[in-house]
Structure formats: structure tokens, C-alpha cells
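Examining the three-dimensional arrangement
Here's the letter readout for the chains.
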Amino acid sequence: MATLFEETVINGMRLSNRVARSATWEGMCGPDGRPSEKLAAFYGNLARGGVGLIITGYAFVRPDGKQLPGKMGFHTDDFAKDALRITRAVHDAGGKIAVQLVHAGGQTDSKTAGGRTLAPSAVETVQYPETPGALSIPEIRDIAAAFGAGARRAREWEFDAVQLHGAHGYLINQFLSPHTNLREDDYGGGIEGRSRFLMEVYDAVRKEAGHDFPAMIKLTAGDHLEGGLEIEEALFAAGRLSDAGIDAIEVSTGTMASGDKTPARKKINAPEKEAYNLDAARRVREVAACPVMSVGGFRSYDVCEDAVSSGAVDYVAMSRPLIREPDMPGRWMKGDRRPAACISCNGCFGPGLEEGGIYCVVEKKEREKEKAPGA
């Protein structure tokens, strides 16, 4: 029976436990995407806190795939020295780190992207800030190659693995979803055609980084949108990836336009509200031969331990709790099994836009109150 705090291996990458830090934008990079010393320290702190595998915030593979300010860039070899500072900070602390690669597609705006936005189809949807241009086939192939180049950089810059972002309404997800993919060529139609871009991206990653370098994906198991991707088609994509040799699948659901079923749901304040993607992850595990992770509302030790020991998933992934308590895995491992202090308010993302980096605003207010005269 698997346990949360045991050593595992994913394609040669040895992990100290089954807790992963799920990718989350930090807002700590330069305007051009250059990684900062602040970001390196942030990841080093997670490693010292006992996180088994750190997955970076989503890093854009081309400037037209950037979405938010302070987002990390993986589109140029010029950032080698800065990226190596990150990997060495994590390794010096005894941790492992994977970079998550993404192209935002239609979920960015023309100002941020430096020109027109691009997507599988020129559709108007609440997912997109503006109507994007439809990608040509040469443009599709160029973007797939950019993912491959990003994976090559990950290996050269001493990252332990790469993860593709195939969820939350970004470009790979946009191709998979019938809500955003209305193409009538080889990249559209049924789920086999809509998964073609995903498989070409995966092939480019293997070509550039090799089969002995761990390649993973965060894959949506459903859009929670009318006319969007449903679980059965997501299972088709997961099966194809498994057959092709993907090393791990992290299961998530939803987009930022999915109402109360967005990827980062609020008010996770009871065990029964936790692990809201676990049932979908169980179904992915039935069709995938590789390890499966689940993200989405994990807050309690018992919920995490049961997810692993029951065989539902191989790893649990979380992020918001680790923004407030980067040492939570270590605390649990030492026997302090109190639930995460995170209240799932999503206030941590505001400072990323306004102050150059995410942090827990609730914790900051509590500390300021304690320091106030007369407290």
C-alpha cells in the first residue's frame, strides 16, 4: 500500500515523497520573462519545506503565448544563467523541480502578446479577452517546435523534468475542446483530430529532450463549459499520451470562465469539499499506465493520505496551501497533521499583479495585527 511520505521514481527522477507543488503563476519575473533571484529563493524555500516535486509557474514558449506580467519565459537561450540559479537553489535544498511549458493561445490579449492573439479558431467566447486569429498549419507546427525547444532548454538548464500545460483553457486545451476548436482540417473535427496538436507537441518534446528525460502533462478532464471538453474525450487523450510513453499525468478541470468550477475553487473549508478532481483522476488512472497526480483542493493530511493509499492516484498536488505554508509537507512528515492554514480565498494572486510576487495576504494581515501597538 502506497503512503504519502515514501520515495518514488518517475523515469529516473527520484522523489522524496508523493506531494507535488502544482504549477501556479508567481509574477516574479522580469518584463521579458527573465527569471529573478526572488523566484529562485521562492522555489528554494519550497524545497526546504519538504515538497517532493516542485512544478514551476507556467512558462511561455513564445512571446505571443504570454498571458500575465511577471510570467517566466522559456523562449530564449539568453536566460540560461538565470534559470540555472533556480535549479541550483532547489537542488542545494534537496528538492526536485520541473518546468511547466505553455502557450496561452486565445487566453491572452494582443497588448501582452505583442500583436494579434492566436488560437485554433477565430471564435468569440468569454474565455478570450478578444477574438483571436485562427492559426495556420505552419504556425501550429512552429508552436509545437517551440515547446520542443523549451524542453531542450529545461534539460540543459538542469531541470529534473518538464510538464506541458494541457488544461485550464490554454492552447493545448483549446485544441482539445470543441468549444474553442471549430477547425475542419486535420487539427479539428472529432477528438482524434483535436488531439493532433497535443501529440505533435509531445513528439517535439521527446525529439528535443529525449525519452530518458521525464515528460509530464497537466491535462484537463473537463472544461465545465457548455459545449466544452467532456471526460470521455479527455480519457481518449490520456490514453493516447499513455500509449506514447508520457511519464505522468496531473489531472485538473475547468477554465477561468467556468463559474464556480474554475481550477482554483474558493471556500475549501471542510474535508468533503477537498479533492474536487479526484473522481476524474481515478478515471484517468484506469486508462493510463503512467503515474497519475490529482490537484484541486487538497487541504487535510488524511484526505491526501487516503487518495494515495487507496490507489486512487499516485501523487497529490497543491499550490495555494504552499503559498501560505511552504513547509507544510515537512510539518506533516514530522507528525503535526493539522490541516492547511489556507482559507482558499485566492487573495494571494493580487500581489502578483500589484507588488511583483504572490504571497498570502491573510497571513500578512495577521502578522501586522500581532505587531500593532497594544496587540
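If you check an unreviewed UniProt entry, the protein chain appears there as NADH oxidase from uncultured Desulfobacteraceae bacterium.

1. Here we look at the pattern of salt bridges
Scanning the model with the defined rule gives 24 salt bridges in all. One salt bridge connects Arg 183 with Asp 185, and the closest N-O pair in it is separated by 2.7 Å. Judged by its relative accessible area of 13%, Arg 183 falls in the buried class. A residue is classified by how much of its surface remains accessible, and Asp 185, at 28% relative accessible area, is partly exposed. Across the pair Asp 247 and Arg 206 runs a salt bridge, and its minimum N-O distance is 2.8 Å. Here Arg 206 lies in helix α7 (residues 196-209) and Asp 247 lies in the loop between α8 (231-244) and β11 (248-252), a separation of 41 residues in the sequence. Comparing Asp 247 with Arg 206, the two get one shared label, buried. Taken together, the salt bridges that share partners define one network made up of Asp 77, Arg 152, Arg 153 and Glu 156.

2. What about the environment of Asp 327?
Here Asp 327 lies in the loop between α11 (320-324) and α12 (328-333). For the pair formed by Asp 327 and Asn 45, sequence separation is 282 residues and the distance between their alpha carbons is 7.9 Å.

3. Here's the deal with the packing of aromatic side chains
Per the stated rule, a full pass over the model turns up seven aromatic pairs. Through successive ring pairs, a cluster of aromatic residues spans Phe 74, Trp 157 and Phe 159. Positioned above the aromatic ring of Tyr 315, the side-chain terminus of Arg 18 is 5.7 Å from the ring centre.

4. Let's talk about the environment of Cys 345
Secondary-structure assignment places Cys 345 in the loop between α12 and α13 (350-354). Separated by 17 residues in the primary sequence, Cys 345 and Val 362 have C-alpha atoms spaced 8.8 Å apart. Sequence-distant contacts of Cys 345, defined by excluding residues within four places in its chain, comprise Lys 266 and Val 362.

5. Overview of the UniProt feature "domain: NADH:flavin oxidoreductase/NADH oxidase N-terminal" (unreviewed entry) in the protein chain
In this structure's numbering, the residues bearing the UniProt feature "domain: NADH:flavin oxidoreductase/NADH oxidase N-terminal" (unreviewed entry) are residues 4-334. Secondary structure within residues 4-334 divides into 35% helix and 15% strand; the distance between the first and last C-alpha atoms comes to 13 Å.

6. Here's the deal with the packing of α8 against helix α9 (residues 278-287)
How two helices sit against one another is set out by the angle between their axes and by the gap between those axes. Close contact between α8 and α9 brings their axes to 9 Å; oriented N to C, the two are set at 40°. On the basis of their axis angle, the class for α8 and α9 is oblique. Crossing handedness for the pair α8 and α9: right-handed. Every residue of α9 that contacts α8 at Ile 231, Glu 232, Leu 235, Ala 238, Gly 239 and Ser 242 is listed here: Ala 280, Arg 283, Val 284 and Val 287. Per-class residue counts for the contact of α8 with α9 are six nonpolar, two polar and two charged.

Reading the values: rules and limits
Residues numbered from 1 in each chain as written. Predicted model: local features only at pLDDT ≥ 70, side-chain atom pairs only at ≥ 80, totals over all residues. Heavy atoms only, no water. Salt bridge = Lys/Arg side-chain N within 4 Å of Asp/Glu carboxyl O. Buried < 20%, exposed > 50% of the residue type's maximum accessible area, 1.4 Å probe, protein only. Helix = DSSP H or I, 4+ residues; strand = E, 2+ residues; numbered from the N terminus. Phe/Tyr/Trp six-rings, centres within 6.5 Å; stacked < 30°, edge-to-face > 60°. Lys NZ or Arg CZ within 6 Å of the ring centre and 35° of its normal. Contact = heavy atoms within 4.5 Å. UniProt positions renumbered as here; feature names shortened; annotations may be inferred. Axes fitted to C-alpha atoms, helices over the stretch in contact; angles between N-to-C directions. Parallel < 35°, antiparallel > 145°, perpendicular 65-115°, else oblique. Left-handed = near helix turned anticlockwise from the far one by under 90°. Nonpolar A, V, L, I, M, F, W, Y, C, P; charged D, E, K, R; others polar.

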